[in-house]
Amino acid sequence: MSARARLRTAAAVALTVVATAGSAALLTGCGPTADGQSTAAPAGSSAAALALAGATPSVTASAPAGAPTTSTSAATPSATASSSATTGKTTATSAGTGKTGASKPATAPNGTAGTSLTISDGTRYVLMNGAAVDFGTAVRDLAWSPDGTKAAFINEAGDLVVANPDGSGRVVVARNPGGQTWSHPTWQVAAAESEYSLPAKNNLLFAASQDGVLRLKRVPAGTGTASPTDLPLNTYSDEDAVPLPQTGNTWPNAGGHHGSAVYANNGTGEVFIRDEYLRQQGMAIGKGSQPTMSPDGEEIVFVRSVDGHDHLFATTDGGRQTRDLTPHATTDYTEPAFSPDGRTIAVRTPAGIATLPADGSAAPTPVSDHAGLPAYRGGHR
């Protein structure tokens, strides 16, 4: 059986892709720029945004901005870091410690209470479970480990950081060497398979832009500060002669049980799948951007421009079966994220965050007017 056939049968990796064209100008907070990178919210926007949302900071930082700190070893997705770690600016402490001058609005933000939905906006506050959690540093492009016990994000120094869900135990997994912009980390986690001599995977994939050139990078998530390496991107060489683009790649998102991932390429305007089960292989699956893979790896969601609006699309069978999840869209739906059970998709709109059934059986419903990046805290493995 060919590698492509295995992908479509044994591995059963179906795709739901969301391709976005021209949506960057509509996004605020930590949305992507034209080159696929993310931008933090303007300085000083945190307090105002949280006051409007009625947020109550529940976790605080004790060290002043710019205080020197010391890094500890990085934690695995299931571990809990007990000591503080460097973020380049501030040091997080355990939940419940006070911060001088921290405001406490009276009511909690809407949209996240009683769910695993989280919203980050490039400030130090992350909305989750009806509260605003203070991570003590800027949080850009927040992503959760599959078991929901760790958060990964880019901090205000541009470093790749892992922290506990309450913002404590921050660890710099990879320190930005300077001259680069890092964005959109995603967890690549898979159990070892002795039958095929496959080692366990516990990595963070992310996009790095240097001198205007985008590349995908990988770094171990649990070995302390490490140097990222370029992510190999090879085609199904037994069938395809055209090599995959090595630059212009952004927005990686991993899922499934074997460490598969999807990503977008700004040059071709396509979404690609990267299969790393028995050997590394990959291919384009269709036009689109901002892809997300379902927790079980069976679907991928993407954003595609249709009649002047960004729609959500789902595709299966290597891109041969593609359907519009938002055929009657009158606004833009971007930055999709799957819920841990794979049944719901959260999306960003110009008015905030909305959710819809992953099968497209209902139109998106607004759940929060807070502008930011939606993500679901895991727990599906």
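Residues numbered from 1 in each chain as written. Predicted model: local features only at pLDDT ≥ 70, side-chain atom pairs only at ≥ 80, totals over all residues. Heavy atoms only, no water.

Hey, could you run me through the confidence of the model for the protein in this one?
Interpretation of this model should avoid reading the predicted coordinates in detail wherever pLDDT is low. Summary statistics for the protein give a mean pLDDT of 76 and a share of 69% for residues scoring 70 or more. With pLDDT under 50 throughout, residues 1-35 is counted as low confidence; its partners more than four residues away or in other chains account for 145 contacts. Low confidence marks residues 37-107, where pLDDT is under 50. Its contacts with residues over four positions away, or in another chain, come to 175 contacts. (pLDDT = per-residue confidence, 0-100. Contact = heavy atoms within 4.5 Å.)

Just checking my understanding: could you explain unusual backbone geometry for this structure?
Excluding glycine, residues mostly carry a negative phi; peptide bonds, for their part, are mostly trans. Not every positive phi belongs to a glycine, and N129 is a case in point at roughly 50 degrees. Mapped onto the secondary structure, N129 falls in the loop between β2 (125-128) and β3 (131-134). Its identity is not glycine, yet Q290 carries a phi of approximately 50 degrees, on the positive side. When you line up the elements, Q290 lands in strand β16 (residues 289-293). (Helix = DSSP H or I, 4+ residues; strand = E, 2+ residues; numbered from the N terminus.)

Would you take a moment to explain the side chain of T123 for this structure?
Within the secondary structure, T123 sits in the loop between β1 (117-120) and β2. The class for T123 is buried, based on a relative accessible area of 8%. Polar contacts involving the side chain of T123 include one to the side chain of D121, which spans 2.6 Å. A polar contact of 3.3 Å, which involves the side chain of T123, links it to the backbone nitrogen of Y125. (Buried < 20%, exposed > 50% of the residue type's maximum accessible area, 1.4 Å probe, protein only. Polar contact = N/O pair within 3.5 Å; in protein donor to acceptor, adjacent residues only side chain to side chain.)

Explanation requested: the packing of aromatic side chains in the structure shown.
Each aromatic ring pair is characterised by the separation of its centres together with the angle its planes make. The full count for this structure, using the stated rule, is five aromatic pairs. Between Y263 and F272 the ring centres are 5.4 Å apart and the planes differ by 10 degrees, which places this aromatic pair in the stacked class. (Phe/Tyr/Trp six-rings, centres within 6.5 Å; stacked < 30°, edge-to-face > 60°.)

What am I meant to see in the sheet that holds strand β12 (residues 249-255) here?
Spatially, β12-β13-β14-β15 is the arrangement adopted by the four strands of the open sheet, whose pairing is antiparallel. Of all strands in the sheet, those with a lone pairing partner are β12 and β15 (281-287), marking the two edges. Each strand of the sheet is rotated relative to its neighbour by a mean of 25 degrees, with strand direction disregarded. Bridging between strand β13 (residues 260-265) and strand β14 (residues 270-275) involves five bridges; their strand directions are antiparallel. Residue pairing in the sheet places A261 in a bridge with R274 of β14. (Pairing = 2+ DSSP bridges. Axes fitted to C-alpha atoms, helices over the stretch in contact; angles between N-to-C directions.)

What am I meant to see in the sheet that holds strand β11 (residues 229-230) here?
Strand pairing in a sheet is mediated by backbone hydrogen bonds. Such pairs are either parallel or antiparallel. The strand order β8-β9-β10-β11 describes an open sheet built from four strands, whose pairing is antiparallel. One side of each edge strand has no neighbouring strand; the edge strands of this open sheet are β8 (180-190) and β11. Of the pairings in the sheet, the one linking strand β9 (residues 201-210) to strand β10 (residues 213-220) comprises eight bridges and is antiparallel in character. By the bridge assignment, A208 is partnered in β10 with R215.

Just checking my understanding: could you explain the nonpolar core for this structure?
Considering soluble globular proteins, one finds that nonpolar side chains tend to be buried as a cluster. With 14 residues, the main nonpolar core has L160, W182, W187, L204 and V219 as its most contacted residues. Looking at this core, the elements that each hand over two or more residues are β5 (151-154), β6 (160-163), β7 (171-174), β8 and β9. For this core, the element with the most residues is β9, which contributes three residues. Every residue in contact with L204, bar those within four places of it in the chain, is listed here: A152, L160, V162, V173, T186, W187, K217, R218, V219 and A221. (Core = buried A, V, L, I, M, F, W, Y, C linked by side-chain atoms within 4.5 Å.)

Even after reading the chapter, I still don't get the pattern of salt bridges, so can you show me in this structure?
Once their charged atoms are close, side chains differing in charge can pair, the charge on each being opposite to the other. The final tally for this structure, using the stated rule, is seven salt bridges. Measuring nitrogen to oxygen at the nearest pair gives 2.5 Å for the salt bridge that ties D230 to K217. Highlighted residues: D230 in strand β11 and K217 in strand β10, separated in sequence by 13 residues. Overall, the relative accessible area of 42% leaves D230 in the partly exposed class. Put simply, R218 and E276 hold a salt bridge, and the shortest N to O gap is 3.4 Å. Highlighted residues: R218 in strand β10 and E276 in the loop between β14 and β15, separated in sequence by 58 residues. (Salt bridge = Lys/Arg side-chain N within 4 Å of Asp/Glu carboxyl O.)

Where do I start with the pairing of β12 in this structure?
Successive side chains on a regular strand alternate, one facing one side of the sheet and the next facing the other. Most of β12 sits out of view: seven of its seven residues are buried. With five bridges connecting them, β12 and β13 associate as antiparallel partners. Within β13, the residue paired with T250 across the bridge is A264. The turn linking β12 back onto β13 is made up of four residues, and G256 within it adopts a positive phi angle of 80 degrees.

So what exactly am I meant to see when it comes to the environment of G179 here?
With respect to the secondary-structure elements, G179 resides in the loop between β7 and β8. Counting along the chain gives 21 residues from G179 to G158, while the straight-line C-alpha distance between them is 9.9 Å. Once residues within four sequence positions are removed from consideration, G179 is found in contact with S209, Q210 and D211.

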